[in-house]
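Coordinates in review
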2 protein chains.
Amino acid sequence: MAFKVGEVSRLTRLSVRALHHYDSIGLVKPSGRSASGYRLYTERDLERLQEVSFYRALELSLEDIVRALADPASDRRRVLLAQRALLEQRLEKTRAVLALLDDTLRAFDGERTMTTEEMFGAFDPTEYEEEAEARWGDTEAYRISQERTKRYGAADWAAMKAEAATILDDFATLAAEEVPATDDRAADVAERHRLHLYRWFYPTSREHHAALGRMYVADPRFAANYDQRRAGLAVYVRDAILTNALR
Amino acid sequence: MAFKVGEVSRLTRLSVRALHHYDSIGLVKPSGRSASGYRLYTERDLERLQEVSFYRALELSLEDIVRALADPASDRRRVLLAQRALLEQRLEKTRAVLALLDDTLRAFDGERTMTTEEMFGAFDPTEYEEEAEARWGDTEAYRISQERTKRYGAADWAAMKAEAATILDDFATLAAEEVPATDDRAADVAERHRLHLYRWFYPTSREHHAALGRMYVADPRFAANYDQRRAGLAVYVRDAILTNALR
DNA sequence: CCTTGACCCTCCCGCGACGGGAGGGTGCAT
DNA sequence: ATGCACCCTCCCGTCGCGGGAGGGTCAAGG
């Protein structure tokens, strides 16, 4: 009925050291201790450890797992969606780095030397610098964004753009399938969009996100960018963002 | 001619702290110091920092960058190939985790609860355990392999299989294009195969790899596995491996 | 000549999720 | 009584810096 660490380790395939760690941070504390101080796990503890293993397989941080297990479904969903955004970002970034790496290897095979342009790619992230500054220069969000983006390399920008394209695609697909912008699925994509901004640029609150949504329609250049992808998409995106902000 | 850390930071977009760090580990040491102890970087130092930035964009570890910069082309290629293997592995793994995550989210949306089988997938990695042990049980390589694989989860196995499939694909494609197994491109894929084994199972030397290559032909079950993908592929793979081992 | 402010220096702690080891106690079989 | 497998609690190390404390340096302005 009560298992010692070694037994638990064999049953769960978690290392004894990991069990110690989970105990010390309060993620999974054994229900009891023997007279001599041995950790004693009950079957309920084992179930919790199984759940932890599962969430670890999704590469959630231990902190997130604590949150996810703390209260039922409601919060769990949010944590998983956030994790999805993180993983998708990593996927795009890895793809971009691999592409850069392959270019480099090709240059080696061809015995040529690399130029600076080859090294850093054609995209010039400072292109819109002046404009953005004039518009948002004195906002806090802009400062944070500047702070972060100045450390991005070519691969980061490529990854960011790829991810943005994916999200735009998903909006366009939903719109094409005539899923209303007030549907949960549209709001889910809007949430991914928010997290995308959150991670790549600055902490974007739902309110701030809603303000951005309005601007996508109000500013003709943003609107044109969306609408050339599909007619009415700017309005669709705005509404999905509003739906997400209010749910 | 001589730049202080702040200037270098602005020129290279590396943080001052990073410059200190590179100095302290000996990656990029400034050519001089001022009387008062200020780091003074020459233009040659700046060039080296550019190279470091570039390799960092490929996500090489600082240690690998030291190696890559230490001696010219010969070693650089090896480092890049190893990095390619690592990134590809991460790509596959991330894809697998994302798939698992999406399954989980779908289960949430459908309001169903997850079964253990859904959680851990259909693949049973212990399927071949007895056989493998009978064959290689007393080898050092097998022990290390056991040590490592017992910590793998469903997503790892899926990622490993996906990566193996990619490599097999590349062999098949080269064979289909009648690229000789002695070609550098075939040997490159063989090297990726070796690194695949190296990372997922145990440190595989080129000699050991060559032995495995011979076995792929000698053992009818291995051979059949390759040849059902494409006739003569087992021999092709073996020869590519031998080419790689000898170059 | 002195102060101010921007810059520079050298430690040193912290992150995340443990791995690994030292130094020492426990529990059961021989 | 001894051996051996198992358990415990610290504590250091990983990787690439971020951030801060505590203190020196340098040119400009009062």
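Residues numbered from 1 in each chain as written. Chains lettered and ligands numbered in written order. Predicted model: local features only at pLDDT ≥ 70, side-chain atom pairs only at ≥ 80, totals over all residues. Heavy atoms only, no water.

Examining the overall build of chain A
Across its full length, chain A carries 13 helices and two strands. A burial count over chain A gives 43% of its 247 residues as buried. Nonlocal contacts in chain A, meaning residues at least 24 apart in sequence, comprise 59% of its contacts between residues at least 6 apart. Surface summary for chain A: the accessible area is close to 13400 Å², and the carbon and sulfur share equals 52%. (Helix = DSSP H or I, 4+ residues; strand = E, 2+ residues; numbered from the N terminus. Buried < 20%, exposed > 50% of the residue type's maximum accessible area, 1.4 Å probe, protein only. Contact = heavy atoms within 4.5 Å. Areas by Shrake-Rupley, 256 points an atom, 1.4 Å probe, with all protein chains shown as cover.)

Comments concerning the packing of aromatic side chains
Residue and element names in this part refer to chain A. Overall, the coordinates contain four aromatic pairs over all chains when judged by the stated rule. Centre to centre, the rings of Y216 and Y226 are 5.2 Å apart; their planes meet at 40 degrees, and the pair counts as tilted. Taken together, the positions of Y216 in helix α11 (residues 206-218) and Y226 in helix α12 (residues 220-229) put the pair ten residues apart, joining distant regions of the chain. Classification of Y226 as buried rests on a relative accessible area of 10%. (Phe/Tyr/Trp six-rings, centres within 6.5 Å; stacked < 30°, edge-to-face > 60°.)

Some remarks on the environment of A:A70
Residue and element names in this part refer to chain A. Mapped onto the secondary structure, A70 falls in helix α4 (residues 62-70). By relative accessible area, A70 is classed as exposed at 63%. Considering only alpha carbons, one finds A70 and L27, 43 residues apart in sequence, at a separation of 9.9 Å.

Examining helix α1 (residues 5-12) of chain B
Residues and elements named next belong to chain B. Residues V5, V8, S9 and T12 constitute the buried set of α1. Looking straight down α1, one finds that the buried residues subtend no more than 105 degrees of arc, so they occupy a single side. Where the residues of α1 are buried, they touch α2 (16-24), β2 (39-40) and α3 (43-57). Backbone geometry just downstream of α1 places R13 in the positive-phi region, at approximately 65 degrees. (Arc of directions from axis to C-beta.)

Examining unusual backbone geometry
Most peptide bonds take the trans configuration, and most residues that are not glycine carry a negative phi. Residue and element names in this part refer to chain B. Even without being glycine, E59 reaches a positive phi, approximately 65 degrees. Position of E59 relative to the elements: it lies in the loop between α3 and α4 (62-70). The backbone of E178 shows a phi angle near 55 degrees, a positive value even though the residue is not glycine. Within the element layout of this structure, E178 appears in the loop between α9 (154-176) and α10 (184-200).

Remarks on the side chain of B:Q89
With respect to the helices and strands, the residue B:Q89 is situated in helix α5 (residues 73-109). Once residues lying within four places of it in the same chain are set aside, the contact partners of B:Q89 are B:E163, B:R199 and B:W200.

Observations regarding the protein's contact with DNA strand D
As a structural note, the neighbourhood of DNA strand D is formed by 19 residues, with A:G6, A:H20, A:R39, B:S15 and B:R17 the closest of them. When the atoms of DNA strand D within 4 Å of the protein are grouped by moiety, sugar and phosphate amount to 76% of the total. Here a phosphate oxygen of DNA strand D and a side-chain polar atom of B:S36 are 3.1 Å apart. Taking B:R56, its side chain carries an N or O atom lying 3.2 Å from a phosphate oxygen of DNA strand D. Looking at the surface near DNA strand D, the elements with two or more residues in it are α1 (5-12) and α2 (16-24) of chain A together with α2 of chain B. In terms of residue count, α2(B) provides more of the surface near DNA strand D than any other element does, four residues in total. Class assignment for the residues of the surface near DNA strand D results in six nonpolar, seven polar and six charged. (Near = heavy atom within 4 Å. Polar contact = N/O pair within 3.5 Å; in protein donor to acceptor, adjacent residues only side chain to side chain. Nonpolar A, V, L, I, M, F, W, Y, C, P; charged D, E, K, R; others polar.)

Keep in mind that these numbers describe shape and distance, not what the molecule does.
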